[in-house]
Amino acid sequence: MTVTEAREVGSPRRRKEDARLITGRTMWTENVVLPGLLHLAIVRSPVAHAKITRVDTSAALREPGVIAAFSGWDVADVQGGLPCAWPVTEDMMHPNHPPIAVDEVRHVGEAVAVIVARSRAEALDALAAVEVDYESLPVVLDMEAALADDSTLVHSDKGSNRSYTWVFDSAEAGTGGAVDTALDGAEVIIKRRYRQQRLIPAFMEPRSVVVDPTADQYTIWSATQIPHILRLMMALVTGTPEHKVRVIAPDVGGGFGGKLQVTPEELITFLAAKRLGKPVKYTESRSDSLVSAHHGRDMIQDLELAARRDGTVLGLRVKLLANMGAYLGLVGPGVPILGAFMYNSIYKFPAYRFECTGVFTNTTFTDAYRGAGRPEATYAIERIMDELAVEVGLDPIEVRRRNWINHDEFPFTTVAGMTYDSGDYEAATARALELLGYDELRREQAARRESGDPVQLGIGVSTYTEMCGLAPSRVLGSLRYGAGGWESASIRMLPTGKVEVVTGTSPHGQGHETAWSQIVADQLGVAFDDIEVLHGDTRTSYKGLDTYGSRSLAVGGIALYNACQKVIDKAKPIAAYMLECDPADLEFTGGRFRVRGNPDGGRSLADCALAVFAAHDLPDGIEPTLDADAVYDPVNFSFPHGTHLCAVEVDTETGRVSIRSYVAVDDIGRVINPLIVEGQVHGGVAQGIAQALFEEAVYDDDGNLLSGTFVDYTLPSAADLTDIVTDRTESPAPDHPLGTKGVGEAGTIASTPAVVNAVVNALRPFGVNDVQMPCTPERVWQAIQASRSES
């Protein structure tokens, strides 16, 4: 069957997964119960920076139910250090990150001692009996202060708080001109500083891990996005042979990058289980999660944009400070580097320079959060494009039109060296303007401004693209990434014609079981309900690179498609033998092989599956199996794009922002399941709005996390949002037969600048050109008052 004969692909199927998820018939890691299971609790540092002078666990050992208690000192020689898989520069400073602190703590929430007890309640009760003495050290929280010559050092043995500096220059790379030349010749120069606040991936299911040391095998259940990578890293860090480690990611309740990590807690639980020879479970509380699970974003962005007076862009200089926190995460150093290729966005910049410095501070370490570098880049460029529009007196849409890549210019190699495969920015923008009623809203805005209405209307624009489908492997290698970008899939044809799909992707809410079934149903002509998708267990799915970076469909889906073609190729000579014809005379449609020109009769794929199972009468030299494996390594990234528009009402007397309407028109190539796409876009937009208006992780001057509960770390509810109007244009990816692109991060990437641009647009009459995120009523009101004072 060819793609054009699809029956399932493009259908808004309800997800197979949902029935068990919404009825509670799930297997979360916390639900795992084993004979003799012990429970672990962690003593965490209450201070941001201190020497550990004493840890006494003797009283805790006398508490009811306690089996063991140990500190970092007790396991210093065997605990190893947490891995960083992305050394972005050859000279990157990578200090050791012990799972349990030994001599010094470097952020609030760092583990300093462990209790293992017969029940979780007993383990938690015994924490208070552990005595820890600290000798306080100065803290450094501000990135610019951390880089000063006389700064307090987060790691005193390293001599600096600078981890790395990574540079891309279009003149040096041969992809464009020199930025200095562009700036020297510019009629307009816009300089802006933007602050990406620190965010916390507030996944629904807290992290949990169970380790069972049976004989010389270790089975690990973990609420992780990366079971295959976790298996490899656990083997490397602990010195355990990889084939003796099995990782199972059962049902996982969201991740958003927050479970793209090898965590201290996973290593601590492994260590405890190994020491005791008993299965051990750790499940974090929400407070533990907020203070110790990795955070996201936290950057200072300095931009200079050069342009002509007619709004044509000439060059862009970007200089970042990226807060690594106290340690380096698994891919943390590379997160801002992913954004390096997206600051130019959809625009034809002739010159570009990007520089990023990673900085250590006494805060929780940072790593990937939904979008990982791409939302930060899109925010900065879309904000400064609005500033350019104001400076040259153009509508924000018009200044974008004058600079974007036209649909007939694809494929287009950008100033950052990326080759955008396909797109139609004109079509997506035109549809978004129509859905929002853009011209009518501009007229209403003008009327409100003229009348001095205290509730002002703001209209925000975000025209974005992103690189996703993290691959190809050679490109990742050139960026010093520690893994490839390929993905694996297998098809198992059962004798009755049913199908088992084994995928190397590891879903945690994306709907892979449904979408993968739709792809296989169309390719093999098998009923949707006759397909089972297996994932997340390294014994069942032994090869894979897991789920993050909107890569699952763009990479794993193509591996699956290729595996289907191999099944058909294997079945064809068997069907020809049964039909007594030449294989070249057969065509495969609707799950049946037929002789060309004879639509009647034929043999089904199920007939072939049963024939190879029996193997009584097969052609000579034919292996009795239809099973097939495929590994796909893309030749390019995937480049979805779109236009998001937001209208807000801002009460200038109170600073309150209300979203009046939101339109998202995305181009993600060919759509497998529109219902899943809608869910991904809605969820992504909600998270982007959350950064714009609500969320921020805040530390006090001593390094204490002030937003350590959901009382203080403000997540939006449905009541805080608005209906999201969605639509799509379609520019299929040209490099593979499905034509699909990624969608999981698109909403988050596009929405934040759309909302903030709308807020600032509402405040332009007051002379306001920026409000630092999140745009809370207090900050909006203060921006108005500050502007009035200046004027």
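Residues numbered from 1 in each chain as written. Predicted model: local features only at pLDDT ≥ 70, side-chain atom pairs only at ≥ 80, totals over all residues. Heavy atoms only, no water.

1. Here we look at the layout of surface pockets
Applied cut-off: A cavity, in this analysis, means grid points on a 1 Å lattice covering only the protein atoms where a 1.4 Å probe fits yet has no way out; a pocket is instead an open set bounded by protein on both sides within 12 Å along at least five of seven lines, and a residue lines either one if it has an atom within 4 Å of a point. Grid points are joined across faces, edges and corners, and a volume is the space filled by probe spheres set on the points. Only DSSP runs of H or I covering at least 4 residues are called helices, and only runs of E covering at least 2 are called strands; the numbering of each starts at the N terminus. Charged residues are taken to be Asp, Glu, Lys and Arg, nonpolar residues to be Ala, Val, Leu, Ile, Met, Phe, Trp, Tyr, Cys and Pro, and polar residues to be all remaining types, Gly included.
Of the volumes computed, that of the second largest pocket is approximately 370 Å³. Residue lining of the second largest pocket: 17 residues in total, with Leu141, Arg195, Asp298, Ala697 and Tyr699 positioned closest to the centre. Counting only elements with at least two residues in the lining of the second largest pocket, the list comes to strand 8 (188–199) and strand 13 (296–307). Looking at the lining of the second largest pocket, the element that brings in the most residues is strand 8, giving three residues. Tallied by class, the residues present in the lining of the second largest pocket amount to six nonpolar, four polar and seven charged.

2. Details of the sheet that holds strand 23 (residues 592–595)
Quick reminder of the rule: Strand pairing requires that DSSP identify at least two bridges connecting the strands.
In spatial order, the strands read 22-23-24; together these three strands make up an open sheet with antiparallel pairing. Bordering the open sheet on either side are strand 22 (586–589) and strand 24 (603–604), each of which pairs with just one other strand. As defined by bridge partners, strand 22 adjoins strand 23 across four bridges and the pair is classed as antiparallel. Along strand 23, the bridge assignment pairs Glu587 with Arg594.

3. What about empty space enclosed by the protein?
The method is simple in principle: a probe with the dimensions of a water molecule rolls over the atoms, and the space it marks as empty is what remains. Under the definition given, this model contains six cavities of 30 Å³ or more. If you add up the space inside the largest cavity, you get close to 110 Å³. Lining the largest cavity are 15 residues; nearest its centre among them are Pro634, Asn636, Phe637, Ser638 and His736.

4. With respect to the side chain of Thr538
In plain terms, the rule: Two N or O atoms form a polar contact when they lie within 3.5 Å of each other; inside protein one atom must be a possible hydrogen donor and the other a possible acceptor, and for residues adjacent in sequence the pair counts only when both atoms belong to side chains.
If you trace the backbone, Thr538 turns up in the loop between strand 21 (531–534) and helix 17 (552–579). At 2.9 Å, the side chain of Thr538 and the backbone nitrogen of Val247 are in polar contact.

5. Brief notes about the pattern of salt bridges
Basically, it comes down to this: We define a salt bridge as a contact between a side-chain nitrogen of Lys or Arg and a carboxyl oxygen of Asp or Glu at a distance within 4 Å. Using a 1.4 Å probe on the protein chains alone, a residue whose accessible area is under 20% of its type maximum counts as buried, one over 50% counts as exposed, and one in between counts as partly exposed.
Throughout the structure, instances matching the rule amount to 51 salt bridges. Of the charged contacts, one joins Arg728 and Glu678 as a salt bridge, the two residues approaching to 3.4 Å between their closest N and O atoms. In this pair, Arg728 is assigned in strand 28 (residues 724–729) and Glu678 in helix 19 (residues 674–693), connecting sequence segments 50 residues apart. When its relative accessible area of 29% is taken as the criterion, Arg728 is described as partly exposed. Residues joined in a network through salt bridges with shared partners are Arg44, Arg207, Glu265, Glu284 and Asp288.

6. Remarks on helix 8 (residues 264–276)
Rule in force here: Each residue after the first adds 1.5 Å to the expected span of a helix.
Taking 1.5 Å of rise per residue, the 13 residues of helix 8 would be expected to cover 18 Å, and the 18 Å separating its terminal C-alpha atoms lies within 8% of that figure. Within helix 8, 10 of the 13 residues are buried, which leaves it mostly tucked inside the rest of the structure. Looking at helix 8, one finds that the buried residues are Pro264, Glu265, Glu266, Leu267, Ile268, Thr269, Phe270, Leu271, Ala272 and Ala273.

7. Describing the sheet that holds strand 2 (residues 50–56)
Note: strands within a sheet are paired through backbone hydrogen bonds, in either parallel or antiparallel orientation. Across the sheet, which stays open at both edges, the three strands sit in the order 4-2-6 with antiparallel pairing between neighbours. Looking at the sheet topology across the chains shown, the edges are occupied by strand 4 (104–105) and strand 6 (131–136). The pairing of strand 2 with strand 6 spans six bridges and is classified as antiparallel. Residue Arg54 lies in a different strand from strand 6, and its bridge partner there is Asp133.

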